[in-house]
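Geometric and topological summary
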Amino acid sequence: MSTTNNHEPILSFKDVTFAYEPHVPATLKDVSFELPKDSFTVIVGPSGSGKSTILRLVTGLDKAQKGSVQNTARTRMIFQGGALLPWETTLNNVKVGFTGRKMSEAQKTHDAMAALTELGIDTLGDSYPRHLSGGQRQRVGIARALVSSPELLLLDEPFSALDIETSKRLSDEVLRIHSEQHITMLMVSHSVEDAVMLADRILVFKDGHIAEEIPVSLPRPRTITDPEVQAIIKHVQGTIPSSG
Ligand code: ADP
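Just so you know, these numbers come straight off a predicted model, no measurement behind them. (Residues numbered from 1 in each chain as written. Predicted model: local features only at pLDDT ≥ 70, side-chain atom pairs only at ≥ 80, totals over all residues. Heavy atoms only, no water.)

Every residue lining the ligand is accounted for by Tyr20, Thr27, Pro46, Ser47, Gly48, Ser49, Gly50, Lys51, Ser52 and Thr53. Contact between the ligand and Ser49: an oxygen atom at 3.1 Å from a main-chain N or O atom of the residue. Between the ligand and Lys51, the relevant distance is 2.9 Å, taken from an oxygen atom to a side-chain nitrogen or oxygen of the residue. Summarising the interface, the protein chains cover 57% of the accessible area of the ligand, which totals 560 Å² for the free molecule. Tallied by class, the residues present in the shell around the ligand amount to 2 nonpolar, 7 polar and 1 charged. (Near = heavy atom within 4 Å. Polar contact = N/O pair within 3.5 Å; in protein donor to acceptor, adjacent residues only side chain to side chain. Areas by Shrake-Rupley, 256 points an atom, 1.4 Å probe, with all protein chains shown as cover. Nonpolar A, V, L, I, M, F, W, Y, C, P; charged D, E, K, R; others polar.)

Val44, Ile142, Leu153, Met185, Val196, Ile202 and Val236 are the most contacted members of the largest nonpolar core, which has 49 residues in total. Val236 has contacts with Val44, Val192, Val196, Ile202, Val204 and Ile214, leaving out every residue within four places of it along the chain. Core analysis: the second largest hydrophobic core is formed by 22 residues, Phe13, Leu35, Leu55 and Val58 among them. (Core = buried A, V, L, I, M, F, W, Y, C linked by side-chain atoms within 4.5 Å. Buried < 20%, exposed > 50% of the residue type's maximum accessible area, 1.4 Å probe, protein only. Contact = heavy atoms within 4.5 Å.)

What follows concerns helix H4 (residues 134-146). In this model H4 runs 19 Å from its N-terminal to its C-terminal C-alpha over 13 residues, within 8% of the 18 Å that 1.5 Å per residue would give. Of all 13 residues that make up H4, 10 are buried, and the element is covered over most of its length. Within the span of H4, buried status applies to Gly135, Gln138, Arg139, Val140, Gly141, Ile142, Ala143, Arg144, Ala145 and Leu146. Buried residues belonging to H4 abut strand E5 (75-78), helix H2 (90-95), helix H3 (105-118), strand E6 (152-156) and helix H5 (164-181). (Helix = DSSP H or I, 4+ residues; strand = E, 2+ residues; numbered from the N terminus. Expected span 1.5 Å × (residues − 1).)

An order of E5-E6-E7-E3-E8-E9 is seen for the 6 strands of this open sheet, with the pairing classed as mixed. Each edge of the open sheet carries a strand with a single partner, namely E5 and strand E9 (209-215). Taken over all neighbouring pairs, the strand axes of this sheet differ in orientation by 20° on average, direction set aside. Relative to strand E7 (residues 184-188), E6 runs parallel, the two being bridged by 5 bridges. Bridging from a neighbouring strand, Leu154 pairs with Leu186 of E7. With respect to the sheet, helix H1 (residues 51-59) is in contact with strand E3 (40-44), E5, E6, E7 and strand E8 (201-206), its orientation differing from that of E6 by roughly 150°. The sheet strands contacting H4 are E5 and E6, and the helix crosses E5 at an angle near 175°. (Pairing = 2+ DSSP bridges. Axes fitted to C-alpha atoms, helices over the stretch in contact; angles between N-to-C directions.)

Next comes the structure, spelled out in structure tokens:
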């Protein structure tokens, strides 16, 4: 159940400055933004601009030296490639998502199978990660995140290791989960196309700060060939000089 209401941001960064080490230039400089509940925000920007660092601060893995990060949401992360345990089956990899929960083994198996069914990979419960395709591994990673009923999902380049077709199918899946389960999404991507297809807001990062904030109000699902989608892609690309 959600612990927030629709008017309160689920996550807020206020004037956040962060450096990985003392005496080196800050990786994030005075970053402020809020995530409204049920929103889908995608962060784009050149490599090294601080996108993944934002996710590390959201999870609490690193702490801001200046400013504040407030996160009231039950948060889970989806990593590139799924980040599965190679020695565990698909089913057990999904059950990792229950760590710390007081549940019977039978209930865990039931809920994990339900998540695998939701992701269309319920026949793969006994398979090991080495026998799965890149797209299947990523689906297992998503199922593992979903079993804990997250309110905020962080996605770090979730489609970047996949071929175009698989990436498209998975991105449709992420959008479906977002709209059906009302999970707030914060995704980091190097792909402006993915950002414009999915986001209701795009944050363009440059040198550790937000250079542009671009709302995308077109209805979803979107079609990549739609001239309005193409116009926004062009606009966003124009804000990232070193991209492409
Ligand atoms: P992006 O995701 O936009 O490619 P990152 O957030 O990964 O950028 O990195 C931003 C900057 O922080 C880069 O200059 C990178 O070298 C540096 N950085 C990232 N992780 C670490 C770390 N663990 N220790 C020190 N510097 C880091």
